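Descriptive analysis of the structure
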Amino acid sequence: MSLNVLLVSDALGPPVRGNATTVARWLAALIEGGTHARAVEPGAPAPAGAAPDLVHAHHALRAGPAGLDLARRLGRPLVVSLGGTDLWALREGHPEGAEVARILRAADLVLGAFDAVGPLLERLLGHRVPYARVRRGVFVEAADPRPARDGPLRVLLPAGIRAVKDPLLAFDLAERLRAAGVALTLRLLGPALEPDAHAALLGALARAPYARWETLPPVAMGGAYLAADVVWNTSRHEGGSNALLEGLAAGCAVFARRVPGNVELFDPAPAPGTLFDPSDTAALVAFHRALLAESPAAAERRRAAARAWLARHHAPADEVAELRAAYAGVTGATRR
């Protein structure tokens, strides 16, 4: 008899968030492997039929309260996946941190993408919490020779338009590169999630003819990565996104702000992402000049190394195996 899992997530419909990629990947892998998995939005009732064996809330703030309510009403264990905002709220003593702490203390198991998150949670909450690592997975296809770039460097920033993603930093970085003679185009991809951030973005776009902003459905993101040379991440504290792994899988270089999440993802050598500090203009220019001058042979060596690293550390099979092991541990299940 297969395990029955109920996922709670606010990333199931529009506006499409990056978290939708993770939830969709989990659901597909679980169902393919014989798990009875369903998903609901926060506040929705449990689907009709047999009660789930566990409730899995994707992010403490966004889905935790609804997940906890469902778990208690159904008498089932609660699993909570941490998001970057959850950890930030705890670290910074933000008012929402109290709600994050309440959900995590009530959870039967907390999941995160990195081993270091477990000890960090113990320090922030003041006691041990049941924790398991579930690495993010990404599908990597066989080598697909990309045509040599002919023209400016093509920069892609995939992110929902909100303050924490700091999209305006991308324009600052681009202007410094242009001033140093690095020709580029800047493409921002993601839904407008906050009115103030949206208005500020529109103002920046009006002054930057080299930049454009649009939204795409998830199924079109593969083409966006193939049409880019480098993926940027400018987040103030929400690092380690799926987009960085997807960019690497498609052959892009990655230039990610040195913040929690990105550090854990890329700091250990020989991880293929490059971390940056916004104030370091010299490193910014040197990285992108080298990328602009990269030969086709050097580019293929870089992409091959990235593919090999992804296969070792972020295989979807390892991700779902770790997820299943976490579920089995919290339910005492031994079945597939």
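Just so you know, these numbers come straight off a predicted model, no measurement behind them.

A separate point is helix 13 (residues 316-331). Each full turn of the α-helix corresponds to 3.6 residues, which orients residues three or four apart in the same direction. Look at helix 13: 23 Å from first C-alpha to last across 16 residues, which is about the 22 Å you get at 1.5 Å a residue. For helix 13, the set of buried residues is Pro316, Glu319, Val320, Glu322, Leu323, Ala326, Tyr327 and Val330. Projected down its long axis, helix 13 carries its buried residues within an arc of 160 degrees, all on one side. Residues of helix 13 that are exposed and angled more than 90 degrees away from the buried face: Ala317, Ala325 and Gly329. Those residues of helix 13 that are buried are in contact with strand 1 (4-8), helix 1 (19-32), strand 3 (54-58), strand 4 (78-81), strand 5 (109-112) and strand 6 (131-133). Once helix 13 ends, the next one or two residues include Gly332, with phi positive near 75 degrees.

An order of 2-1-3-4-5-6 is seen for the six strands of this open sheet, with the pairing classed as parallel. Both edges of this open sheet fall to strand 2 (36-40) and strand 6, since each of them pairs with a single strand only. The sheet shows a mean angle of 25 degrees between the axes of neighbouring strands, direction not considered. Looking at chain direction, strand 1 and strand 3 are connected through four bridges and run parallel. Paired with Leu6 across the strands is Val55, a residue of strand 3.

Within the secondary structure, Asn4 is located in strand 1. Here Asn4 is in contact with His36, Arg38, Ala50, Ala51, Pro52, Asp53 and Leu54, once residues within four sequence places are set aside.

Before going further, it helps to examine the environment of Ala321. Within the element layout of this structure, Ala321 appears in helix 13. The spatial distance from the C-alpha of Ala321 to the C-alpha of Gly33 is 10.0 Å, given a sequence separation of 288 residues.

In this section: the sheet that holds strand 11 (residues 253-257). Ordered in space as 9-8-7-10-11-12, the six strands form an open sheet in which the pairing is parallel. With one partner strand each, in any of the chains shown, strand 9 (211-214) and strand 12 (274-276) form the two edges of the open sheet. Going from strand to strand, the sheet's axes swing by 25 degrees on average, the running direction of each strand aside. Alignment of strand 10 (residues 230-233) against strand 11, held across four bridges, turns out to be parallel. If you follow Val230 over to strand 11, its bridge partner there is Ala253. Lying over the sheet, helix 9 (residues 242-249) contacts strand 7 (153-158), strand 10 and strand 11, oriented at roughly 170 degrees with respect to strand 10.

The next subject is the side chain of Asp166. Position of Asp166 among the secondary structure elements: in the loop between strand 7 and helix 6 (167-179). The class for Asp166 is buried, based on a relative accessible area of 11%. Here Arg236 takes part through its side chain, which lies 3.3 Å from a polar atom of the side chain of Asp166. Once you skip the residues sitting within four places of it in the chain, Asp166 turns out to touch Thr234, Arg236 and Arg257.

The rules behind each value
Residues numbered from 1 in each chain as written. Predicted model: local features only at pLDDT ≥ 70, side-chain atom pairs only at ≥ 80, totals over all residues. Heavy atoms only, no water. Helix = DSSP H or I, 4+ residues; strand = E, 2+ residues; numbered from the N terminus. Expected span 1.5 Å × (residues − 1). Buried < 20%, exposed > 50% of the residue type's maximum accessible area, 1.4 Å probe, protein only. Arc of directions from axis to C-beta. Contact = heavy atoms within 4.5 Å. Pairing = 2+ DSSP bridges. Axes fitted to C-alpha atoms, helices over the stretch in contact; angles between N-to-C directions. Polar contact = N/O pair within 3.5 Å; in protein donor to acceptor, adjacent residues only side chain to side chain.

In short, the description is geometric, and any link to function would need to be established separately.
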